[in-house]
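Tertiary structure, described
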Amino acid sequence: MQHLNCNGLAILVSRRAHYSMGKAIDLLGLGRNNLILVDTDVDSRIDMQSLRAEYVKLCEQNIRPLALVGIAGTTETGHIDPLEELADFAAEIGCHFHVDAAWGGPTLFSDTHSHLLKGIERADSVTIDAHKQLYVPMGAGMVLFKDPNALSAIEHHANYILRHGSKDLGSHTLEGSRPGMAMLVHAGLSIIGRKGYELLIDLGIERARQFADMINRHQNFELITAPELNILTYRYNPDWLQKIMAQLDSEQRQKINPLLDLITQEVQKRQREAGKTFVSRTRLYSALYPDIQISVFRSVLANPLTTEEILAAVLEEQCAIVKETEVQNLMQEIKQITA
Ligand SMILES: *Cc1c(COP(=O)(O)O)cnc(C)c1O
């Protein structure tokens, strides 16, 4: 690197990147500071202007981008980066283009929705997690390379195993001995097949949109991020309070949001403990509340057997939990602030 007058290597990805990006840069020994987390727009997609600005900053320090990473389905909200624009930019600066499609990759099986991932075909490498939307058991993460020879950039051999010419992937991967997870992926592709996966993907997205409609129509809930794929986020926030909050400035809103956060956390915990229905929970910035992270319910519609009645029951149970004393006390505090 010194010969090339290069002071380091960096990976560029949006702030919404999965935490495994940090693991990867640790493993590569590039230094956490060289994982450049680029700002996003209000819809959690990488902001191209900020990306260019980060790139200029790197050039000034003689740090070269090793890879530009686009996300096809962020873990928290299922948003997709503008992959076509990222592919253009990677070509422009001459750097490896990786797409993290761990979650969203199988969307490609859907004739209706595959266009959402336009640009992914230009990636040099793509991650897909078969244990997510290919519905096989845990631990079937994959990385696909456009150029199969790229794999030989890293190759390890031993005299007792993985001899030259061996087809064992252990010569290229971090793990040496590995279980035969490929069998499960093969079985899924053979049994569920392209049409089956298309059905699962289409149903999930349709169901998520339906749930988003139900939340929008419900007088007690606020949709925080609408589903682009089959993930959406929302919270308990009755219509009357939403109307009041829309009139408040950001400082006043910031007195109410932490109380709503406590309600979200409390409801999610109690719902999980009761064991009848379940949604997950996270904290995020959103278009509605761009200046503060808020707690939200995160719902992933991946089970084709989930019906409208089940979704209605989830909301109903959440409303019932809000009526419990501890949660009502939090609502009282909010009412005092807005009185
Ligand atoms: C799940 C996921 C990963 C990988 O996580 P694993 O726990 O190793 O499967 C990477 N990126 C995204 C966007 C993910 O959703």
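Whatever comes next refers back to the structure up there.
About the thresholds
Residues numbered from 1 in each chain as written. Predicted model: local features only at pLDDT ≥ 70, side-chain atom pairs only at ≥ 80, totals over all residues. Heavy atoms only, no water. Pairing = 2+ DSSP bridges. Helix = DSSP H or I, 4+ residues; strand = E, 2+ residues; numbered from the N terminus. Axes fitted to C-alpha atoms, helices over the stretch in contact; angles between N-to-C directions. Near = heavy atom within 4 Å. Polar contact = N/O pair within 3.5 Å; in protein donor to acceptor, adjacent residues only side chain to side chain. Areas by Shrake-Rupley, 256 points an atom, 1.4 Å probe, with all protein chains shown as cover. Nonpolar A, V, L, I, M, F, W, Y, C, P; charged D, E, K, R; others polar. Salt bridge = Lys/Arg side-chain N within 4 Å of Asp/Glu carboxyl O. Buried < 20%, exposed > 50% of the residue type's maximum accessible area, 1.4 Å probe, protein only. Phe/Tyr/Trp six-rings, centres within 6.5 Å; stacked < 30°, edge-to-face > 60°. Lys NZ or Arg CZ within 6 Å of the ring centre and 35° of its normal.

**Some remarks on the sheet that holds strand β5 (residues 125-129)**
Pairing is mixed in the open sheet, where 6 strands are placed in the order β2-β1-β3-β4-β5-β6. Only two strands of the sheet have a single partner each, and these edge strands are β2 (35-38) and β6 (141-145). Neighbour-to-neighbour, the strand axes of the sheet open up by a mean angle of 25°, direction not taken into account. For strand β1 (residues 8-14) and strand β3 (residues 63-71), the ladder comprises 5 bridges, and the chain directions are parallel.

**Looking at the sheet that holds strand β8 (residues 231-236)**
Spatially, 4 strands are ordered β7-β8-β10-β9 in an open sheet, and the strand pairing comes out antiparallel. Single-partner strands in this sheet number two, and they are β7 (221-225) and β9 (280-284). Here the average twist between neighbouring strands, direction ignored, is 40°. Across 5 bridges, β9 lies against strand β10 (residues 294-300) in antiparallel orientation. Within the sheet, the bridge partner assigned to L284 lies in β10 and is I294.

**Details of the site of the ligand**
Around the ligand sit H18, S20, G73, T75, D100, A102, D129, H131 and K132, and that is every residue in its neighbourhood. Within the side chain of H131, an N or O atom sits 2.7 Å from an oxygen atom of the ligand. Within the side chain of K132, a nitrogen or oxygen atom sits 2.8 Å from an oxygen atom of the ligand. Alone, the ligand offers 380 Å² of accessible surface; in the complex the protein occludes 75% of this. For the shell around the ligand, a count of residues per class yields 1 nonpolar, 5 polar and 3 charged.

**As for the pattern of salt bridges**
For the coordinates displayed, the defined rule picks out 19 salt bridges. Note that D261 and R283 form a salt bridge whose closest N and O atoms lie 3.1 Å from each other. Taken together, the positions of D261 in helix α7 (residues 250-274) and R283 in strand β9 put the pair 22 residues apart, joining distant regions of the chain. You can call R283 partly exposed: its relative accessible area is 36%. In this structure, a network of salt bridges that share partners links the residues E84, D88, K118 and R122.

**Quick word on the packing of aromatic side chains**
With the rule as written, the count across this model stands at 6 aromatic pairs. Seen from their ring centres, F109 and Y197 are 5.3 Å apart, and the 20° between their planes marks the pair as stacked. Here the residue F109 occupies a position in the loop between β4 (96-100) and β5, and Y197 occupies one in helix α5 (residues 193-217), the gap between them amounting to 88 residues. Residue classification places Y197 among the buried positions, given a relative accessible area of 1%. Judged by centre distance (5.6 Å) and plane angle (80°), the ring pair of F211 and Y234 falls under edge-to-face. Residue F211 is found in helix α5, and its partner Y234 is found in strand β8; the two are separated by 23 residues along the sequence. Just as F211 is buried, Y234 falls in that class too. These aromatic residues form a ring-pair network of at least three members: F211, F221, Y234, Y236 and F297. The lysine or arginine in question, R235, covers the ring of Y289, its NZ or CZ lying 4.6 Å from the ring centre.

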